[in-house]
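Architecture and fold: a report
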Amino acid sequence: MLEQNLTRDEARRRAQILDVASYAVSLDLTTGDKTFRSTSTVHFGCREPGATTFLELIADRVESIELNGATVALASFEGGRIALPSLATDNELRVVADCLYVNTGEGLHRFVDPVDSEVYLYSQFETYDAHRVFACFDQPDLKATFTFDVVAPAHWEVISNMATTGSPAEQGASRHWTYKTSPVMATYINAIIAGPYHVERDRHGEIDLGIFCRTSLAQYLDADEIFTITKQGFDYFHEAFDYPYAFGKYDQLFVPEFNAGAMENAGAVTFLEDYVFRSKVTCFAYERRAETILHEMAHMWFGDLVTMRWWDDLWLNESFATYASVLAQSKATKFVHAWTTFANVEKTWAYRQDQLPSTHPIVAEIEDIAAVEVNFDGITYAKGASVLKQLVSWVGEDAFMQGMRTYFRAHEYGNTELRDLLGALEQASGRDLSAWSKEWLETAGVNTLRPSFSVDGEGVFTSFSVLQEAPPDWPTLRSHRLAIGLFDATPEGLVRRDRIELDVIGAETDVPQLVGVRQPDLVLINDDDLTYTKIRLDERSAATVTSKLGQLPDSLSRALCWAASWDMTRDAELPARQFVQLVLGNIGSETEVGVVQMLLSQTAGSIFNYTDLDYRSTALRSLAQVACDAMQSAESGSDHQLAWARSFIGAARGDDHVAVLNGLLDGTHIVPGLTIDIDLRWSLVRALASLGELPDAGIAAELERDPTAAGRRHASAARASRPSAEAKAEAWTTIMDKPDLPNAILGAWIGGFSNHEQHALLEDYRLRYFERVGDIWANRSSEIAQDIVVGLYPGIFVDQETLDLTDEYLRTQSPPPPLRRLLIEGRDGVARAMRARAKDAAAS
């Protein structure tokens with residue numbers, strides 16, 4: 001949408017002529033349910049007196065605009081911008097407007113708790129939404145100080161980036177909150193969170209800590225655990241970065257209907273409130289929450305203290321925060337196996353993204369805001385973090401951290417580009433990183449490494465080399481610092497006999513250290529996961545993995561073998577049925593529950609997407625039966641038991657398994673140690689609803705048991721998943737024709753709509769999708785449009801017709817680049833599934 005865009009050239013021009021000094025922002029949150037009063041006073045300088053520029057504002061109504069004491073015609077406000085003519089050397093701008101609350105998670109989001117009818121607000125400004133709340137020059141390199149004051153109902157908490165100047169002043173039924181002036185910072189990391197939030201407080205050194213959630217969720221808030229991770233994070237980052245936290249107090253707020261996992265607002269981090277666990281979850285969920293907490297904390301230095309100049313360098317924020325969070329987890333918290341999770345989660349995400357036709361270099365070309373909003377992806381986060389891990393292996397961790405300390409000191413409160421970071425690292429390490437940057441940051445695509453060797457009659461290597469391949473579209477062969485592990489099958493399991501660390505460069509790298517060495521049962525390229533690459537196993541190693549993977553004692557080594565098998569399945573090199581058999585034959589020995597959950601998810605995904613249709617029911621039956629048996633036999637009350645229960649619920653088919661689902665729901669089937677709590681009940685409800693085994697009244701009854709915001713979401717997903725024409729029509733109309741639907745409820749309807757086993761019901765919607773997708777993109781907000789475009793893409797139809805429909809739309813409609821990218825990614829998923837299914841059918 002026009003008012004939601006800003007080009008890089010426009011931003012550069014403004015930065016050339018403007019110096020923004022300060023904002024004073026006053027908000028009145030007592031003026032109604034639809035709008036709030038916003039008053040912005042901006043002091044800024046102009047290097048070219050007489051020049052013309054603009055600042056951004058989205059508002060329902062503008063009451064007044066004054067520039068240097070003179071009234072500016074309201075007609076200057078148009079299309080989300082206010083034109084500012086004839087600037088002086090020093091300028092004061094004052095804008096008074098009524099801005100709109102939103103329910104899309106972009107700007108100032110308003111939520112009414114169905115439990116107690118209380119109102120909760122929170123802001124979300126990244127990438128380009130601060131001007132939905134106050135008039136501003138909304139780009140990252142026009143930093144300024146910010147002073148907020150807010151009028152709000154008297155029983156509310158109001159939280160911003162900085163601490164208050166004192167107790168809020170009483171004003172009848174309202175209170176007036178004032179805040180200390182912030183350090184210089186970017187518009188997008190400002191925050192206002194307001195409502196009757198429940199709060200827990202603590203202190204760590206000189207930092208006041210707060211944890212907030214809705215009052216109706218307070219009984220589930222495990223503040224002690226969150227405070228522990230927070231304190232461990234501060235201790236680690238203070239020592240590692242040798243730079244004190246810059247924003248005074250540190251609040252963490254779990255807010256409703258959040259679009260992302262979290263947001264690094266300086267001193268007021270907002271989180272998806274699903275991280276307040278209403279039901280039993282596995283330790284993997286706590287680990288992922290800890291990673292998110294530490295990720296946002298790392299941003300206080302990398303992103304908030306030092307900020308990228310433009311969104312080309314978004315990776316400078318996100319890759320570093322991802323890498324630093326996992327490093328902190330592994331060194332400062334109980335989650336010592338965080339790099340195993342990184343290999344399973346972040347790298348899997350990165351490899352998938354990097355093989356899409358829309359892949360891009362880590363340092364991306366971002367011409368405007370519309371482009372960056374689809375660029376919060378697996379390249380920017382996960383590949384970038386993987387490459388930073390490779391860089392640390394290349395230069396050494398001590399040199400890397402010293403470079404970061406230099407970087408923070410040199411650029412505190414400023415804006416940077418790639419060359420600034422590389423310069424600091426080169427100074428610390430003494431290594432020229434220009435070639436490394438070109439290979440890793442300025443090219444796209446993932447390499448594949450495989451062993452190549454010969455063995456004599458005695459089983460001894462007579463030659464050994466590592467072969468490197470690159471995809472044709474991105475033919476870069478990179479320099480990899482990696483390790484090769486040699487593992488032998490012994491009565492004690494698969495034991496690592498030796499580990500060789502080396503640099504792999506070019507198409508073939510000889511490894512003379514292995515000549516004359518006895519061939520092991522398993523050769524593992526990239527042992528310890530130092531580099532970013534896909535790996536392949538030789539024939540003997542593949543056989544070892546198939547029969548003995550569970551005997552590998554090291555969780556990271558197992559994760560690499562699992563990942564190699566999954567990559568081969570997605571690349572149609574390994575039949576999907578063999579991957580299913582590999583997982584079901586070895587997963588029982590997997591000790592890391594996070595790996596178990598990931599593998600079960602991948603197995604279900606491979607069954608629905610990559611197996612031949614004639615084999616699907618057999619594969620699902622096998623998965624469900626193994627899961628059911630494991631649920632019954634697992635340690636009572638264990639995380640593994642819960643993981644197996646969830647897998648069984650998702651895979652259950654057939655009368656006997658449906659009977660178990662019904663028994664779990666109504667309490668007639670008891671599994672010792674397995675508590676059917678709120679969220680597990682909803683999983684059962686949705687599974688039964690999607691199978692046509694639960695009437696509408698059953699969903700309604702469950703919603704009556706849980707009339708919360710989460711309950712409403714679960715009920716919406718269950719209703720959308722029902723296998724009837726009426727249910728699909730209701731879901732489609734709700735998604736497509738109710739633009740006022742809150743983002744979280746919309747997401748639930750989208751999630752329940754598509755189903756691989758409901759083709760006949762959904763066939764008509766394949767054509768209707770392409771009839772409506774352009775309109776959706778043009779008329780919905782960015783976040784909502786992306787959710788619909790991606791969530792309803794007809795990827796469950798794995799056939800040539802889906803490819804043809806997509807190609808025809810791309811050819812005839814010339815969609816804008818961000819929409820084009822999302823459609824191309826959906827198309828690629830279908831094409832990949834077609835290749836994998838053909839491979840699986842050939843193995844039948």
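Before any of the text, the structure's been laid out above.
Quick notes on the rules
Residues numbered from 1 in each chain as written. Predicted model: local features only at pLDDT ≥ 70, side-chain atom pairs only at ≥ 80, totals over all residues. Heavy atoms only, no water. Helix = DSSP H or I, 4+ residues; strand = E, 2+ residues; numbered from the N terminus. Axes fitted to C-alpha atoms, helices over the stretch in contact; angles between N-to-C directions. Left-handed = near helix turned anticlockwise from the far one by under 90°. Contact = heavy atoms within 4.5 Å. Nonpolar A, V, L, I, M, F, W, Y, C, P; charged D, E, K, R; others polar. Pairing = 2+ DSSP bridges. 1 Å grid on protein atoms, 1.4 Å probe; cavity = no way out; pocket = protein on both sides within 12 Å on 5 of 7 lines; lining within 4 Å. Points joined across faces, edges and corners; volume = space filled by probe spheres on them. Buried < 20%, exposed > 50% of the residue type's maximum accessible area, 1.4 Å probe, protein only. Salt bridge = Lys/Arg side-chain N within 4 Å of Asp/Glu carboxyl O.

1. Quick look at unusual backbone geometry
Outside of glycine, negative phi angles account for most residues, and trans bonds account for most peptide bonds. The omega torsion across Glu126 and Thr127 is 10 degrees, close enough to zero to call that bond cis. You can see Thr127 is positioned in the loop between β10 (119-124) and β11 (145-153). One non-glycine residue, Asp242, adopts positive backbone phi at about 50 degrees. Inspection of the secondary structure puts Asp242 in the loop between α2 (223-241) and β18 (250-255). With a phi angle near 75 degrees, Asp528 is a residue other than glycine that sits in the positive phi range. By the secondary structure assignment, Asp528 is in the loop between β28 (522-525) and β29 (534-535).

2. Digging into the packing of helix α22 (residues 725-737) against helix α23 (residues 743-753)
Helices that pack against each other are described as a pair by the angle of their axes relative to one another and the distance between those axes. With their axes 10 Å apart at the nearest point, α22 and α23 run at an angle of 140 degrees to one another. As α22 packs across α23, the resulting crossing turns out to be left-handed. The segment α22 lies against α23, with Lys728, Glu730, Ala731, Trp732, Thr734 and Ile735 engaging Leu746, Trp749, Ile750, Gly752 and Phe753. Split into classes, the residues belonging to the contact of α22 with α23 amount to seven nonpolar, two polar and two charged.

3. Quick look at the sheet that holds strand β3 (residues 53-56)
Strands sit in the order β3-β7-β6 across an open sheet of three strands; the sheet is antiparallel. Of all strands in the sheet, those bounded by a partner on one side alone are β3 and β6 (77-78). Two elements, β6 and strand β7 (residues 81-84), share two bridges in a ladder whose sense is antiparallel. Among the inter-strand pairings, Glu78 is bridged to a residue of β7, identified as Arg81. The sheet strands contacting helix α1 (residues 8-17) are β3 and β7, and the helix crosses β3 at an angle near 110 degrees.

4. Points about the layout of surface pockets
Approximately 920 Å³ is the volume found for the second largest pocket. Around the second largest pocket, the lining comprises 29 residues; the ones closest to its centre are Tyr101, Val102, Asn103, Thr104 and Asp740. Of the residues assigned to the lining of the second largest pocket, the class counts are 14 nonpolar, four polar and eleven charged.

5. Observations concerning helix α14 (residues 576-586)
Of all eleven residues in α14, eight are buried, a share of seventy percent or more. Here α14 has its buried residues at Ala576, Arg577, Phe579, Val580, Leu582, Val583, Leu584 and Asn586. Buried residues along α14 sit in contact with α12 (539-548), α13 (555-570), α15 (593-609), α16 (613-633) and α27 (817-842).

6. A few points about the pairing of strand β1 (residues 18-28)
Judged from the ten bridges that link them, β1 and strand β2 (residues 35-46) form a sheet pairing that is antiparallel. For Leu18, the partnering residue across the bridge sits in β2 and is Cys46. The loop that links β1 with its antiparallel partner β2 comprises six residues; one of these, Gly32, has a positive phi angle of about 145 degrees.

7. Some details on the pattern of salt bridges
In the structure shown here, the tally under the stated rule is 63 salt bridges. The partner of Asp274 in a salt bridge is Arg713, with the nearest N and O atoms 3.2 Å apart. You can see Asp274 sitting in the loop between β20 (268-272) and α3 (283-299) and its partner Arg713 sitting in helix α21 (residues 709-721), a full 439 residues away along the chain. For Arg540, the salt bridge is made with Asp521, and the minimal N-O distance between the two is 3.1 Å. In this pair, Arg540 is assigned in helix α12 and Asp521 in the loop between β27 (508-510) and β28, connecting sequence segments 19 residues apart. What makes Arg540 partly exposed here is its relative accessible area of 36%. The structure contains a network of salt bridges with shared partners spanning Arg481, Arg496, Arg499, Glu501, Asp503, Asp527 and Asp528.

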